[in-house]
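Residue strings, one per chain:
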Amino acid sequence: MHCDDAPCMAVCPTDCFYKTDDGIVLHDKDLCIGCGYCLYACPFGAPQFPKQNAFGERGKMDKCTFCAGGPADSKEEEYEKYGANRIAEGKLPLCAEMCSTKALLAGDAQTVADIFRQRVIHRGHRDGGWSGNPRREQERSRAGADLTQADELAYDATRQG
Amino acid sequence: MSLCRYGPTAWTSIALALLLVLAALFAPPAQAQAELDREAATAVVGVSPDIWRQVRSGEVDANFRDTRFDSTYNLVNSSGERWRQLRTRWVSPFGLIAVGGMIVVIALFYVIIGRKELSEPRTGRKLLRWPLFVRSLHWTVASLFIVLALSGLNLLYGKFVFRSLFGDAIWGSMISASKLAHNYLGPLFGVLLIVLLARMLKHNWPKRHDLEWFRQGGGLVGKGHPDAGFANGGEKLWFWLLATAGLAVVASGFVLDFPNYGQSRDTMQWANLIHGVGALGLTAVALGHIYIGTIGSEGSLEGMTTGYVDETWAKDHHNLWYEEVKDQALPEEALGGDRRPGDSPSETASRPG
């Protein structure tokens, strides 16, 4: 859900990013200087400046917190700086909670992948649910099946060079 | 008949369904095809490997642009990773090697070879080298350079040292001050550097004897001093480094400092790399400049502090210049303690510096 090897963490001059035990990447707005390096590095455009001021001042960086808040002395301060900490209340991030088609899921990557796989099978795709299993793919192609569609479903954009 | 149980409504439904099926069978095929085409034209593009390849190649298209209203960014910032790798694997470590290596080389040089002393005792007669305007410009640019170098080094390497050393509170204000100083003093440095370069240009046109100066390593190789005019080969090299790499650093700095002109993320990534390479290189060379100008050679610093140098120093380091101006030498007593070099008659007459 959040990066394993987060580019923002690697390039931050103040070292204000940290990763929680749940694998959520959060940042400390008391340390952030608004230099914009995380914006240069992030593949997904996650860090965004909240404002545009004179002399190129853009404020401290905002980013998706996975609705997990951030470092603060009180709950009020945390809400003020980072928005709701729904994870601490045992809830899903708001985007996943509100998504009307349940396209957005949140949680452990393996669980999320399992849910998507079940959906593919449930909707009747012959190979999608199993694509990526080399032995099965070999058997299927030996039996003369066309696996191009399965390849497409298995395409993982994050692992392509 | 079992269907009777459902009553007349069931029968009506079945009849309607049959009617629909018949209607579909007799409908003109062209219309159905047009329907499909229309749907395909407005449908969301299916995500296929080709789409991802296009996105990752950095292609910007209406279908894979990020959603902010004024954005021209691609859905996936593929160049970000390249920038990250160039910065963290090349600029950062090699910059440290360049600056750190320079410190080590200078320290070794000082310990082994030592200070460059004057070859003869001072004559006590002084030559005007740097007028007040040049000196104030030099020291302003120099101070700004040092502030920018230190804050820049802190922005690149500070987190590896000071955060664990001082704790978050001090580190936070330190790095924040570094960024503010860097961003607000940078443009001032840029403008003043250009003025300084323009003022110094006339002394720094390359001459044939500069080649010989470099061949003799500025006097290190072989005996005696190689020929030098007002500026020697080393000083000219430093001038032209500032006039090329220095201006590139200034220009890329402006690109980074004013993101409110709508330059793209990719432009700023490249500006950042040019800025880092140039600035780290100049910082390394500046250490050499500072060494030679202060403890490295006897009698150099007073030229930039008082404006005047001793005749012996001029003969040693700038023999061709000395030949030009030797008749303008003033006895030390004539300068006085608080005499401003700007008032000196020789300055207005010959306009050195």
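A few points on the structure.

## Here's the deal with the overall build of chain A
Across its full length, chain A carries seven helices and two strands. Mapped from its N terminus to its C terminus, chain A presents α and β elements in the order α-β-β-α-α-α-α-α-α. The buried share among the 161 residues of chain A stands at 24%. Summarising the internal contacts of chain A: among those between residues at least 6 apart in sequence, 32% fall at separations of at least 24.

## Structural notes on the overall build of chain B
In terms of helices and strands, chain B carries 14 helices and three strands. Out of the 353 residues belonging to chain B, those deemed buried represent 23%. In chain B, of all internal contacts separated by at least 6 residues, the share reaching a separation of at least 24 is 70%.

## Thoughts on the sheet that holds strand S1 (residues 125-128) of chain B
All names here are of chain B. An order of S2-S1-S3 is seen for the three strands of this open sheet, with the pairing classed as antiparallel. Where the open sheet ends on each side, the last strands, each with one partner, are strand S2 (308-310) and strand S3 (330-331). In this sheet, S3 lies alongside S1 in antiparallel orientation, the contact comprising two bridges. Counted as the bridge partner of Lys126 is Leu330 from S3.

## Things to note about the pairing of S1(B)
Sheet topology places S1(B) next to S2(B); three bridges connect them, and they run antiparallel. Considered in S2(B), the bridge of Leu127(B) is made with Val309(B).

## Points about the nonpolar core
Within the largest apolar cluster, 27 residues are counted, with the highest numbers of intra-cluster contacts made by Leu127(B), Phe145(B), Phe189(B), Leu193(B), Phe239(B), Val309(B) and Ala314(B). The contact partners of Val309(B), leaving out residues within four places of it in the chain, are Lys126(B), Leu127(B), Arg129(B), Gly299(B), Glu302(B), Gly303(B) and Ala314(B). Core analysis: the next-biggest nonpolar cluster, separate from the first, contains 24 residues, Cys12(A), Val25(A), Cys35(A) and Ile175(B) among them.

## A short note on the packing of helix H6 (residues 168-200) of chain B against helix H8 (residues 233-257) of chain B
Residues and elements named next belong to chain B. Packing of H6 against H8 leaves a shortest axis separation of 10 Å and a crossing angle of 150 degrees. Judged by the inter-axis angle, H6 sits roughly antiparallel to H8. Like other packed secondary-structure pairs, H6 and H8 cross with a definite hand, here left-handed. Contacts between H6 and H8 pair Asn183, Gly186, Pro187, Gly190, Leu193, Leu197 and Met200 from the former with Phe239, Leu242, Ala243, Gly246, Val250, Gly253, Phe254 and Asp257 from the latter. The residue makeup of the contact of H6 with H8, split by class, is nine nonpolar, five polar and one charged.

Here is what the cut-offs are and how they apply
Residues numbered from 1 in each chain as written. Chains lettered and ligands numbered in written order. Predicted model: local features only at pLDDT ≥ 70, side-chain atom pairs only at ≥ 80, totals over all residues. Helix = DSSP H or I, 4+ residues; strand = E, 2+ residues; numbered from the N terminus. Buried ≥ 20, exposed ≤ 12 C-beta atoms within 10 Å, placed from the backbone. Contact = placed C-beta atoms within 7 Å. Pairing = 2+ DSSP bridges. Core = buried A, V, L, I, M, F, W, Y, C linked by C-beta atoms within 7 Å. Axes fitted to C-alpha atoms, helices over the stretch in contact; angles between N-to-C directions. Parallel < 35°, antiparallel > 145°, perpendicular 65-115°, else oblique. Left-handed = near helix turned anticlockwise from the far one by under 90°. Nonpolar A, V, L, I, M, F, W, Y, C, P; charged D, E, K, R; others polar.

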